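# Summary of structural features
Each chain is listed here by its residues.
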Amino acid sequence: MTDITAAGASPLGDRTVNRMGYGAMQLAGPRVFGPPKDRDAALAVLREAVARGVNHIDTSDFYGPHVTNQLIREALHPYPDDLVIVTKVGAVRGDDASWIPALTPSDLTRAVHDNLRSLRVDALDVVNLRVGGIHEPSEGSIEEQFATLAGLQRHGLIHHLGVSNVTSGQLKQARRIAEVVCVQNHYNLVHRDDDALIDELAGSGVTYVPFFPLGGFTPLQSSTLSEVATQLGATPMQTALAWLLRRAPNILLIPGTSSVAHLQENLAAAALALSDEALTRLDAIDNRGDQ
């Protein structure tokens, strides 16, 4: 059994979590919409994750919608004392499974209360304000939106605040309003637009959580990655996760899956050691991912 503590732990707000966490998005149905095909299997994944030492779970009430939060509650409530559940607000789902921005003060307030109710908690551990598009951020002020969440934090409904899919400028706006404990942006072995931001955040003690760490809806493709993985006796996806853990000490991982076997495979990356040669080869992969 893999000891995920091999990857170390890192602060997340006033809590400390293992750097290998779990993202619950894939527990919902196809296109992150509707119930899972196998509810028992979804519950088993959550319970196995916690049994293996995962104490950082990423979710949102707009996954499903409501599905993943309900599964987390059914599988894990009452929650372990060390478990940190990070949720996000900023969208709702249409009847056609579309993703609709929901960023007015009333939208955000409603979303926070929806998450509280679905997870059955009195206060949310961490709430990320999710803005931008599906993959990349877009320019624009987030001051009103983040101030709304800061107000809910002052009322005791949220312990810590984060931002997701933001530009450096938007992060600065948020930090003028309230403390930001984590940034969740698109980043992986072949998509490194946030290199400078990661280094900046590491210097100031802010956690960085890459979404789509394995490519998201389009899995990572790279001949170099495959070759290095073969030399390590690992899978390409395990190798890509191990590279992220080496990239910076403030990076926390939340790879998602709906399979216990795949979960175990992902968690094994916590103990995968990259040689200097392997790291050099992986660092040289460009944004096309085909080197």
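In what follows, the structure referred to is the one given above.
This write-up is about the structure you can find in this document. (Residues numbered from 1 in each chain as written. Predicted model: local features only at pLDDT ≥ 70, side-chain atom pairs only at ≥ 80, totals over all residues. Heavy atoms only, no water.)

## Focus on the overall build of the chain
Which entries qualify depends on this criterion: In DSSP terms, a helix is any run of H or I states spanning at least four residues, a strand is any run of E spanning at least two, and both are numbered starting from the N terminus. Only C-alpha atoms enter the radius of gyration; for comparison, a globular chain is expected to reach 2.2 Å times N to the power 0.38, where N is the number of residues. Whether two residues are in contact is decided by their heavy atoms, any of which lying within 4.5 Å being enough. Neither His nor the chain ends contribute to the count of charged residues, in which Lys and Arg are positive and Asp and Glu negative. One atom stands in for each charge, and that atom is NZ of Lys, CZ of Arg, CG of Asp or CD of Glu.
If you tally the helices and strands in the chain, you get 10 helices and 11 strands. Relative to the 2.2 N^0.38 estimate, which gives 19 Å for 291 residues, the radius of gyration of the chain is 18 Å and therefore close to what a compact globule would have. Referenced to the eigenvectors of the C-alpha coordinate spread, the extents of the chain come out at roughly 50 × 45 × 35 Å. Counted over contacts in the chain with a minimum sequence separation of 6, partners at least 24 positions apart contribute 75%. In the chain, 23 positive and 33 negative side-chain charges are present, and the distance between their average locations comes to 3 Å.

## Notes on the layout of surface pockets
What counts, and what does not: Buried and open spaces are told apart on a 1 Å grid over the protein atoms alone, a cavity being a set of points where a 1.4 Å probe fits but cannot get out and a pocket being an open set with protein on both sides within 12 Å along at least five of seven lines. Residues with an atom within 4 Å of a point are the lining residues. Grid points are joined across faces, edges and corners, and a volume is the space filled by probe spheres set on the points. Residues are grouped as follows: nonpolar covers Ala, Val, Leu, Ile, Met, Phe, Trp, Tyr, Cys and Pro; charged covers Asp, Glu, Lys and Arg; every other residue, Gly included, is treated as polar.
A volume near 220 Å³ is recorded for the second largest pocket. Residue lining of the second largest pocket: 17 residues in total, with Phe62, Ala91, Val92, Ala111 and Asp114 positioned closest to the centre. Partitioning the lining of the second largest pocket into residue classes produces 7 nonpolar, 4 polar and 6 charged.

## A few points about the side chain of glutamine 184
Note the threshold: Summary of the burial criterion: residues with accessible area below 20% of their type's maximum are buried, those above 50% are exposed, and those between are partly exposed, where the area comes from a 1.4 Å probe applied to protein chains only. The definition of a polar contact used here is a pair of N or O atoms within 3.5 Å, where within protein one atom must be able to donate a hydrogen and the other to accept one, and adjacent residues in sequence count solely through side-chain atom pairs.
Note that glutamine 184 resides in strand E10 (residues 180-184). Relative accessible area serves as the criterion here: at 4%, glutamine 184 is assigned to the buried category. There is a polar contact of 3.0 Å between the side chain of glutamine 184 and the side chain of aspartate 58. The residues touching glutamine 184, leaving out its near neighbours within four places in the chain, are Asp58, Lys88, Asn128, Val163, Ser164, Asn165, Val209, Phe211 and Ile254.

## Examining the pattern of salt bridges
Heads up, the rule is: Should a side-chain nitrogen of Lys or Arg be within 4 Å of a carboxyl oxygen of Asp or Glu, the pair is scored as a salt bridge.
Tallying each qualifying case throughout the model produces 10 salt bridges. Between arginine 117 and aspartate 114 there is a salt bridge, and its shortest N-O distance comes to 2.4 Å. A residue pair is termed a helical-turn pair when its members lie 3 or 4 positions apart in one helix, as arginine 117 and aspartate 114 do in helix H3 (residues 105-119) at 3 residues. The class for arginine 117 is exposed, based on a relative accessible area of 53%. With its nearest N and O atoms 3.8 Å apart, the salt bridge here joins glutamate 143 to arginine 176. A residue pair is termed long-range when its members are at least 10 positions apart, and glutamate 143 in helix H4 (residues 143-154) and arginine 176 in helix H5 (residues 168-177) qualify at 33 residues. We classify glutamate 143 as partly exposed; its relative accessible area is 37%.

## Considerations on the sheet that holds E10
Sheet strands pair by backbone hydrogen bonding; their relative direction is either parallel or antiparallel. Stated formally: Strand pairing is assigned whenever DSSP identifies at least 2 bridges connecting the two strands. In this analysis an axis means a line fitted to C-alpha atoms, helices contributing only their contacting stretch, and an angle means the value between N-to-C directions, from 0 to 180 degrees.
The strand order across the open sheet built from 7 strands is E3-E4-E5-E8-E9-E10-E11, with neighbouring strands paired in parallel fashion. The sheet terminates laterally at strand E3 (22-23) and strand E11 (207-208), the two strands that pair on one side only. The pairing of E10 with E11 spans 2 bridges and is classified as parallel. Among the inter-strand pairings, valine 183 is bridged to a residue of E11, identified as tyrosine 208. Packed on one face of the sheet, H4 meets strand E5 (84-89), strand E8 (124-130), strand E9 (158-164) and E10 and runs near 165° to E9.

## Considering the pairing of E8
Rules: When the strands point away from the viewer and the connection leading from the first strand across the helix to the second strand turns clockwise, the crossover is called right-handed.
Taken across its 7 residues, E8 has 7 buried, putting it largely inside the fold. Of the strand pairs in this sheet, E5 and E8 are connected by 4 bridges, and their pairing is parallel. The partner of valine 86 across the bridge, within E8, is valine 126. Here 6 bridges tie E8 to E9, and the two strands are oriented parallel to one another. When the sheet's bridge partners are listed, leucine 129 is paired in E9 with valine 163. Following the chain from E8 across H4 to the adjacent parallel E9, one finds a crossover that is right-handed.

## Describing the side chain of glutamine 173
Secondary-structure assignment places glutamine 173 in helix H5. The class of glutamine 173 is buried, set by a relative accessible area of 14%. Within the local environment of glutamine 173, its side chain forms a polar contact with the backbone nitrogen of isoleucine 142, the two atoms lying 2.9 Å apart. In contact with glutamine 173, other than residues within four places in its own chain, are Gly140, Ser141, Ile142 and Glu143.

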